[in-house]
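Structure at a glance
Chain by chain, the residues:
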Amino acid sequence: MSYSVLITCSYIKSHPSIKIIKEVIESLDKTNIKPDTPIILAHDSLKRMGDNNLVYEQYLVNLREFIKNKPNIQIVRRETHGHLVGNVRNAFKYINTDYILLIQHDFEFIREFDIEKIIDDMQNNSNLKHIRFNKRITQKKPKNMDLKPSKDYVPYGTQHKCKNYTYTQTPGWSDNNHLVSSEYYRNIILPECQDG
């Protein structure tokens, strides 16, 4: 079982600071990934952004300095502006692992989990195709538990108790931080989505 981390990146107002993406990269310590896990920092092009190009270029210089002693981290960049889907599609040229932990450059992990245990559960339960990590919670339970089932279909809140963790089925796909097989992305997700 091999896996990579793909962090999608684009221009944000805090650039040229790398504070936010640095916190996201450092939060990977909570996932129990191996130290040599390939991490791809997939950057979208700014050809449409005009004056912010200088700020974005300085951000990239600062980021290169931060990762210079981290040989498992690679910066890739689209030549044209592709938005999230185009950026992910471009980054997939550099993915040659079975699974991908895809995260956004401003969604750090705040709780610990073991990525290899989740992958083990995915390999042993074909119902687990797209493991999304919650972005928001209510005071008492995960937000995805607040959904109400319809009379005809009840995927909302169905629990999948696996060897390592319990998963809650939800009614929709999301680009929040998620773990998925490369094959599922290449064969199902990317063909359904257009760049931009």
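Residues numbered from 1 in each chain as written. Predicted model: local features only at pLDDT ≥ 70, side-chain atom pairs only at ≥ 80, totals over all residues. Heavy atoms only, no water.

**Remarks on the sheet that holds strand 2 (residues 39–43)**
The sheet built from 6 strands is open, its strands ordered 3-2-1-4-8-5 with mixed pairing. The open sheet has two edge strands with one neighbour each: strand 3 (73–77) and strand 5 (130–132). Averaged over all neighbouring strand pairs, the angle between strand axes comes to 20°, with direction disregarded. Note that strand 4 (residues 99–104) and strand 8 (residues 178–181) share 4 bridges and pair antiparallel. Each bridged residue has a counterpart across the sheet, and for Leu102 the counterpart in strand 8 is His178. Across the sheet, helix 1 (residues 19–27) touches strand 1 (3–9), strand 2, strand 3 and strand 4, and the angle it forms with strand 1 is around 165°. Contacts from helix 5 (residues 182–192) reach strand 4, strand 5 and strand 8, with the element oriented near 80° to strand 8. (Pairing = 2+ DSSP bridges. Helix = DSSP H or I, 4+ residues; strand = E, 2+ residues; numbered from the N terminus. Axes fitted to C-alpha atoms, helices over the stretch in contact; angles between N-to-C directions. Contact = heavy atoms within 4.5 Å.)

**A few points about the pairing of strand 2**
Taken across its 5 residues, strand 2 has 5 buried, putting it largely inside the fold. Burial along strand 2 is two-sided: Ile39, Leu41 and His43 facing one way and Ile40 and Ala42 facing the other are all buried. Relative to strand 2, strand 1 runs parallel, the two sharing 5 bridges. For Ile7, the partnering residue across the bridge sits in strand 2 and is Leu41. In terms of handedness, the path from strand 1 via helix 1 over to strand 2 forms a crossover that is right-handed. Across 5 bridges, the pairing between strand 2 and strand 3 is parallel. Note on strand 3: the bridge partner recorded for Ile40 is Gln74. (Buried < 20%, exposed > 50% of the residue type's maximum accessible area, 1.4 Å probe, protein only. Right-handed = clockwise from strand over helix to strand, strands pointing away.)

**Section: the packing of aromatic side chains**
In this structure the tally under the stated criterion is 7 aromatic pairs. With a centroid separation of 6.4 Å and 75° between ring planes, the pair formed by Tyr11 and Tyr56 is classed as edge-to-face. Of this pair, Tyr11 sits in the loop between strand 1 and helix 1 while Tyr56 sits in helix 2 (residues 53–67), and the two are 45 residues apart along the sequence. A centroid spacing of 6.5 Å and a plane angle of 75° characterise the contact between Tyr165 and Tyr167, whose relative ring orientation is edge-to-face. Residue Tyr165 is classed as partly exposed on the basis of its relative accessible area of 27%. Residue Tyr167 is classed as buried on the basis of its relative accessible area of 9%. Three or more aromatic residues joined by ring pairs make a cluster, and in this case those are Tyr11, Tyr56 and Tyr59. Taking NZ or CZ as reference, Lys70 lies 4.5 Å from the ring centre of Phe66, over its face. (Phe/Tyr/Trp six-rings, centres within 6.5 Å; stacked < 30°, edge-to-face > 60°. Lys NZ or Arg CZ within 6 Å of the ring centre and 35° of its normal.)

**Notes on the pairing of strand 4**
For strand 4, the buried fraction is high: 6 of the 6 residues fall into the buried class. Residue alternation in strand 4 divides its side chains into two sets, Tyr99, Leu101 and Ile103 and Ile100, Leu102 and Gln104, and both sets are buried. Bridge analysis of strand 1 against strand 4 gives 6 bridges, and the strand direction is parallel. Opposite Ser4, over in strand 4, you have Ile100 as the bridge partner.

**Some details on the confidence of the model for the protein**
Averaged over all residues, the pLDDT of the protein is 86; the fraction at 70 or higher stands at 86%. Low confidence marks residues 143–147, where pLDDT is under 50. Its contacts with residues over four positions away, or in another chain, come to 14 contacts. (pLDDT = per-residue confidence, 0-100.)

**With respect to the environment of Leu101**
Mapped onto the elements of the fold, Leu101 is located in strand 4. Taking the C-alpha atoms as reference points, Leu101 and Ile131, 30 residues apart in sequence, are found 9.3 Å from one another. Dropping the residues within four chain positions of it, Leu101 is found in contact with Ser4, Val5, Leu6, Leu28, Thr31, Phe109, Ile115, Phe133, His178 and Leu179.

**Here we look at empty space enclosed by the protein**
Summed over all chains, the structure comprises 1 cavity of 30 Å³ or more. The calculated volume of the largest cavity comes to roughly 40 Å³. If you go around the largest cavity, the residues you meet are Ile12, Ser14, His15, Ser17, Ile18, Ile20, Ile21, Tyr59 and His105. Classifying every residue of the lining of the largest cavity by side-chain character gives 5 nonpolar, 4 polar and no charged. (1 Å grid on protein atoms, 1.4 Å probe; cavity = no way out; pocket = protein on both sides within 12 Å on 5 of 7 lines; lining within 4 Å. Points joined across faces, edges and corners; volume = space filled by probe spheres on them. Nonpolar A, V, L, I, M, F, W, Y, C, P; charged D, E, K, R; others polar.)

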